[in-house]
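Breakdown of the fold
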Amino acid sequence: MSETSLKNRFVVDYDSLPAPKALLFDWHGTLVDTLDAMYSAMEEMLPKLEELDLVGRLTPEADCKNDENAKLIRYIRIFRRLHPKILAERRVSRTEIFNAVFESDPDARRIAHNAYNQCYRSHYGEVKPFQEGVLEYLSAIKALGIKIGVATNRSREFLDHELSIVDGGRWKNLFDTTVCADDVPEYKPSPDVIHQAVVRLGGLEESSVWYVGDSHTDMITAYHAGVTRVFFNGAHWEERWIDRIIAHRVHNPESPQLVVDSFEQLIDALEGLQTSYRSKGLSLFDEPVNRLRPRPYPPREPPPKRIEPDWHPALVKLTKPRFILFDWHATLVDTLDAMYHAVDDMIPEFESLGLVGRLISAEQSKSPEDAKLVEHVLHYQELHPKVKVDRKISRTDIFEVLFGDDQDAKQIAHSAFTHHYRNHFGTVLPFEPNVRNMLIGLREIGLGVGVITNRDREFYIEELERVESRAWVGLFDTDVCGDDTPRRKPHPDQIIKACDTMGLPISKNIWYVGDSTTDIIAASTAGVTGVFFNGAQWDQSWLEKIFPGNERYPHKPDVVVNDFSEFWAMVLTCMDLKREQ
């Protein structure tokens, strides 16, 4: 069997690959697929971060190893859920997530794992082989005289149950040992689970044990345990850390010694190693691999790719900006905790406020999702749980969904919100780390900047004072709050007032940047350029749903940006193009 029979691009150096006497496997993402249960448990657990007192223990973005981790932490901090890209790709394990978001805090990781286990009890049992033929491949490996085992961060109660039901229970007596996280002192990347497994297998030399796992954490664990590192790329990662760390082995000693995309390739590697031994007149394994290997089974299909928003028109179609107005909450700053607490407090008062009878009907709703929210509020006097889990919709958008064009009802709701917001507001953080630098940069290239917010002035002024210890005071040329005009967004009154204050005519060289449909309706109605700030990372299909562009809902953004680095680059490019013209 030649090296080229391995279908991935990583060359196998059989001379340096130790002969295996035992293969230890990670469980989830390697041997089995428990993704549905795992992600359901994660989505149930992450909203509990506040009550677990873990929000303040998230790794500071400045201390993250890479931009991907920083974005993940920011998203979890703001929205208390996994980044949509992770949910779409379904490749990353909870261990990888907890190791990233609590990087230098093992106690926080332990609390998170324990909370996850509590949630997992409601979901586990949904387990299937990671790919076709796992039983046949494992049986062939055992028939070669190689011991096999499991070393996992899964708790014993879950592993034993899943082992008893996967593939009709046919795996139950397959393994020579299984070691779980609660069998040892520490979770991976501590090597405890591997060390314990090696002891139970009879004290083999570490180099004669291969650890097969699907994550970077698994490779670090294997490296610290002193065993051979085999990366199982069943999730079909492309151009990721595998390439980077293999290219820089000196700086990344945890880099895998073997990379396989499927169990067929793992058998290929064992056969290639046996062939290499035979060429030197040496024997390896009890039987020829090619005699015991099962018929080839196809690898697992790669996960469907998330459809990223692609609403960026040619920048020459955008009018060069002269003045840029920003929404406040969920665009420039994060005040989600206080906002959702206040909305939760006020909704039970709808009946006493005379608002129950003014909720719009399902027929008037923009979408089935909107109709479900109205129905839930009507019957349960609370936000729909999905809205609170997603944490992506502002109170203004909530009131738009509930009351439609009833301006008077929305004013009553905003007043009630303001009353309850006084009990919660105070913590205000930049939505991204470099927002202030971006605002300063806009001013330095000659652009005016301002704020348009439905926040009442008393709160906006207090929050402006608090964000980054008054570092934002003096950054804005104008600000218009919800109680500065008779009507709040989505009406254009606040944008018009800001332009009047600055002596600027309404035109497309005024840009308004906001995160909600309400912001885009206000920009479109006013006649300025509407920039949708997709900080919530909605995908393309959802954006098309909330901005249908039909006769009833004609308002659409002129452009969509996913973060402020993208926005900053767009502004510079747009201005450069205009100068060249």
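Below you will find a few notes about this structure. What you see is a predicted model, and the numbers here were worked out from it, not measured in a lab.

Below, the discussion takes up the pattern of salt bridges. Oppositely charged side chains can form a pair if their charged atoms are brought close together. With the rule as written, the count across this model stands at 40 salt bridges. For R156, the salt bridge goes to D160, with nearest N and O atoms at 3.2 Å. Separated by four residues within a single helix, R156 and D160 lie in helix α7 (residues 156-165), roughly one turn from each other. For E458, the salt bridge identified is with R422, shortest N-O distance 2.7 Å. Taken together, the positions of E458 in helix α19 (residues 457-466) and R422 in the loop between α17 (407-421) and β11 (429-430) put the pair 36 residues apart, joining distant regions of the chain. The partly exposed category is assigned to R422, whose relative accessible area is 42%. Connected via shared salt-bridge partners are R57, D105, D107, R110 and E186.

A few words on unusual backbone geometry. Cis geometry is found at the peptide bond from K188 to P189, where omega equals 20°. Tracing the backbone shows P189 in the loop between β5 (177-179) and α8 (192-200). At the junction of K489 and P490, the peptide bond is cis and its omega measures out at 20° in the coordinates. Looking at the secondary structure, you find P490 in the loop between β13 (478-480) and α20 (493-502). Phi angles above zero are rare outside glycine, and D167 is one such case at about 55°. Relative to the assigned elements, D167 resides in the loop between α7 and β5. By relative accessible area, D167 is classed as partly exposed at 24%.

The buried count for strand β7 (residues 228-232) comes to five of five residues, which makes it a mostly enclosed element. Residues T228, V230 and F232 line one face of β7 and the alternating positions R229 and F231 line the opposite face, and both faces are buried. Pairing of strand β6 (residues 209-213) with β7, which is carried by four bridges, proceeds in the parallel orientation. Counted as the bridge partner of Y211 is R229 from β7. In this fold, the crossover linking β6 to β7 by way of helix α9 (residues 216-225) has right-handed handedness. Pairing geometry for β7 and strand β8 (residues 258-260), over three bridges, is parallel.

Applying the stated criterion across every chain, the model contains 24 aromatic pairs. Seen from their ring centres, Y75 and F79 are 4.6 Å apart, and the 45° between their planes marks the pair as tilted. Linking Y75 with F79, this pair stays in helix α2 (residues 67-79), spanning four residues, or about one helical turn. Neither Y75 nor F79 differs from the other in exposure class; each is buried. By the ring-pair criterion, three or more aromatic residues cluster together here, those being Y75, F79, F326, F431, W511, F533, F564 and F567. When the ring centre of F130 is taken as reference, the NZ or CZ atom of R300 above it lies at 4.2 Å. Over the aromatic face of Y553 sits the side chain of K366, whose NZ or CZ is 5.2 Å from the ring centroid.

What follows deals with the packing of helix α16 (residues 395-403) against α17. The contact between α16 and α17 brings their axes to 10 Å, and the two run at 145°. Crossing geometry of α16 relative to α17 is assigned as right-handed. Across from R395, T396, F399, E400 and F403 in α16, the residues of α17 making contact are A409, K410, A413, H414 and F417. Tallied by class, the residues present in the contact of α16 with α17 amount to five nonpolar, two polar and three charged.

Side chains of nonpolar character tend, in soluble globular proteins, to be buried together. By size, the foremost hydrophobic cluster in this structure holds 74 residues, and its most contacted members are F326, W328, L332, W472, F476 and F567. By residue number, the principal contributor to this core is helix α13 (residues 336-346), which donates seven residues. When sequence neighbours within four positions are dropped, the list of residues in contact with F326 reads L332, M438, L439, L442, V449, G450, V451, I452, Y512, V513, F564 and F567. Counting 42 residues, the second largest nonpolar core, distinct from the first, contains F130, V150, V230 and L258.

Here the focus is helix α11 (residues 263-279). If you check α11, its first and last C-alpha atoms are 24 Å apart, about what 17 residues at 1.5 Å a residue would give, namely 24 Å. Most of α11 is tucked away, with 13 of its 17 residues classed as buried. Backbone geometry just after α11 places G281 at a positive phi near 75°.

Here the focus is the environment of G145. With respect to the element layout, G145 can be found in the loop between α6 (134-143) and β4 (147-151). The class for G145 is partly exposed, based on a relative accessible area of 44%. A sequence separation of 113 residues divides G145 from V32, and the C-alpha atoms of the two residues are 23 Å apart.

With respect to topology, six strands assemble into an open sheet ordered β5-β4-β1-β6-β7-β8, the strand pairing being parallel. One side of each edge strand has no neighbouring strand; the edge strands of this open sheet are β5 and β8. Strand-to-strand twist of the sheet, defined as the mean angle between neighbouring strand axes without regard to direction, takes the value 20°. In the packing of α11 onto the sheet, contacts are made with β1 (22-25), β6, β7 and β8, and the angle to β8 comes to roughly 140°.

Rules of the game
- Residues numbered from 1 in each chain as written.
- Predicted model: local features only at pLDDT ≥ 70, side-chain atom pairs only at ≥ 80, totals over all residues.
- Heavy atoms only, no water.
- Salt bridge = Lys/Arg side-chain N within 4 Å of Asp/Glu carboxyl O.
- Helix = DSSP H or I, 4+ residues; strand = E, 2+ residues; numbered from the N terminus.
- Buried < 20%, exposed > 50% of the residue type's maximum accessible area, 1.4 Å probe, protein only.
- Pairing = 2+ DSSP bridges.
- Right-handed = clockwise from strand over helix to strand, strands pointing away.
- Phe/Tyr/Trp six-rings, centres within 6.5 Å; stacked < 30°, edge-to-face > 60°.
- Lys NZ or Arg CZ within 6 Å of the ring centre and 35° of its normal.
- Axes fitted to C-alpha atoms, helices over the stretch in contact; angles between N-to-C directions.
- Left-handed = near helix turned anticlockwise from the far one by under 90°.
- Contact = heavy atoms within 4.5 Å.
- Nonpolar A, V, L, I, M, F, W, Y, C, P; charged D, E, K, R; others polar.
- Core = buried A, V, L, I, M, F, W, Y, C linked by side-chain atoms within 4.5 Å.
- Expected span 1.5 Å × (residues − 1).

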